[in-house]
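Geometric and topological summary
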Amino acid sequence: MPPVIESEEQSDLRAAVAALGKRYGRDYITRTVAEGRHPTELWSDAGKLGYLGVNLPEAYGGGGGGVTELSIVLEELGAAGSPLLMLVVSPAICGTVIARFGTEEQKRTWLPGIADGTRTMAFGITEPDAGSNSHRITTTARRDGDDWLLTGRKVFISGVDIADAVLIVGRTEDARTGRLKPCLFIVPPDAEGFQRHPIDMELNAAEKQFELVLDDVRLPADALVGDEDAGLLQLFAGLNPERIMTAAFAIGMGRYALGRALEYARERTVWKAPIGAHQAIAHPLARAHIDLELARLMMQKAAHLYDAGDDIGAGEAANMAKYAAGEACVNAVDQAVHTLGGNGLTREYGLASLITAARVARIAPVSREMILNYVSHQSLGLPKSY
Ligand SMILES: Cc1cc2nc3c(=O)[nH]c(=O)nc-3n(C[C@H](O)[C@H](O)[C@H](O)COP(=O)(O)OP(=O)(O)OC[C@H]3O[C@@H](n4cnc5c(N)ncnc54)[C@H](O)[C@@H]3O)c2cc1C
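Please read these numbers as outputs of a predicted model, since none were measured by experiment. (Residues numbered from 1 in each chain as written. Predicted model: local features only at pLDDT ≥ 70, side-chain atom pairs only at ≥ 80, totals over all residues.)

With that out of the way, let us pick up the overall build of the chain. Within the chain, the regular secondary structure consists of ten helices and eight strands. Rg of the C-alpha trace for the chain: 21 Å, near the compact-globule value of 21 Å for 386 residues, within the 12% margin. Overall size of the chain, expressed as C-alpha extent along the three principal axes, is 80 × 50 × 50 Å. Burial statistics for the chain: of 386 residues in total, 46% are counted as buried. Partitioning the intrachain contacts of the chain with sequence separation of at least 6 by distance along the chain shows that 72% fall at a separation of at least 24. (Helix = DSSP H or I, 4+ residues; strand = E, 2+ residues; numbered from the N terminus. Rg over C-alpha atoms; globule rule 2.2 N^0.38 Å. Buried ≥ 20, exposed ≤ 12 C-beta atoms within 10 Å, placed from the backbone. Contact = placed C-beta atoms within 7 Å.)

Now the structure itself:
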């Protein structure tokens, strides 16, 4: 019988990435965070093995797969305790947008490096005064001869310190009012007028978040990706993979936490039987497993739709997958910490820091409430309050 959900190649990829993840594991990430550095060895090994660019076109050094394959990579690394957050941003958003809408020159310049991990691209859409309402972004590009001058502020932009460029979402000057007409620019972080300030996050992760200030940053005409009039379509080509990959990040983390809790629950004995025999411990863990599996099924649906070219269908499924995965992750981590009792809060067992990490999947890149709004209006046809 042919495989129903994943092809043989995809299962093989899953097994191979899991093996790489196991070689590094949670201890490796804990060590790199403590040393204040990035997981460069894992990033570069994953790049050499072709995992970072598995979704990018073969003609530009990628694996010729889709977001289905890339989500497998992130999920499995996460399940081994060593997720690479920049996979959500560099190959999934930036790589996809450039592959689909970039010029030949932009593809040749960026895609091979993004695929083998030698170049990384960050992505900046969030603004302090816009937040969830991206129609309100004010980062503005105005023409100056053939160049562009880009001015604005961004917050919570991940990985700018290790990025070779940031894909910045702005709007053109003549589109300052009305609905968002976004345009995307490749901005080098050493450009004059570009400043970054780290944000002090309560997150135990190697990838840092930054506030960006762009003050008349001069960019050549070819910094613009795609068509300045095709805006939203291009943006969503990147945002659906971002949601699918955030789901993969959350499912990986949830699986990791659940695995640690199961090991503990099988061994720890304070009455006659191990605590995992008590249904009050077993049932919430079983529920967490079911919720993670369900979220993964939705993520696979979203990834399949996206890879098949159904951007609209993928939009709804990607939102639902991100929602389900975020909730499943937060609950799995919560139950895992609880299963370990006092040890759940020790540094040694390393689960407590996942409590804040898991919340990221509930907030970013689009919050739980904004997904519920989307489903209320788009899927269910209910009226809007805002
Ligand atoms: C670790 C981390 C990494 C990130 N990395 C990036 C990155 O690389 N690039 C990038 O561009 N951004 C990034 N972000 C930003 C992230 O996408 C935003 O935090 C997110 O979109 C929410 O925006 P906000 O923080 O401004 O919250 P707000 O929009 O201010 O929302 C605050 C609260 O109000 C609720 N709310 C808002 N509007 C409504 C409504 N209409 N109905 C009901 N509830 C509502 C929200 O659900 C939320 O709970 C990152 C964030 C984090 C935490």
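Moving on: the pairing of strand β3 (residues 147–158). Across five bridges, strand β2 (residues 140–144) lies against β3 in antiparallel orientation. Across the sheet, residue T140 finds its bridge partner in β3, namely T151. As judged from the eight bridges shared by β3 and strand β7 (residues 209–219), these two strands associate in the antiparallel manner. Bridge pairing in β7 places G152 opposite L214. (Pairing = 2+ DSSP bridges.)

Attention now moves to helix α3 (residues 67–79). In this model α3 runs 18 Å from its N-terminal to its C-terminal C-alpha over 13 residues, within 8% of the 18 Å that 1.5 Å per residue would give. Across the 13 residues of α3, 13 count as buried, placing the element largely inside the fold. Downstream of α3 by one or two residues, G81 has phi in the positive range, about 90°. (Expected span 1.5 Å × (residues − 1).)

This part takes up the UniProt feature "domain: Acyl-CoA dehydrogenase/oxidase N-terminal" (unreviewed entry) in the chain. Taking the numbering used here, the UniProt-annotated feature "domain: Acyl-CoA dehydrogenase/oxidase N-terminal" (unreviewed entry) corresponds to residues 7–117. Between the first and last C-alpha atoms of residues 7–117 the distance is 26 Å; the span itself is 70% helix and 0% strand. (UniProt positions renumbered as here; feature names shortened; annotations may be inferred.)

Let us look at helix α2 (residues 40–48). All buried positions along α2 are accounted for by L42, W43, A46 and G47. One face of α2 carries all of its buried residues, which in axial projection span an arc of 135°. Exposed residues pointing more than 90 degrees away from the buried face of α2 are listed as T40, E41 and K48. Turning to α2, the residues buried within the fold contact α1 (8–34) and α5 (104–116). Of the residues flanking the end of α2, it is G50, one or two places downstream, whose phi is positive at about 85°. (Arc of directions from axis to C-beta.)

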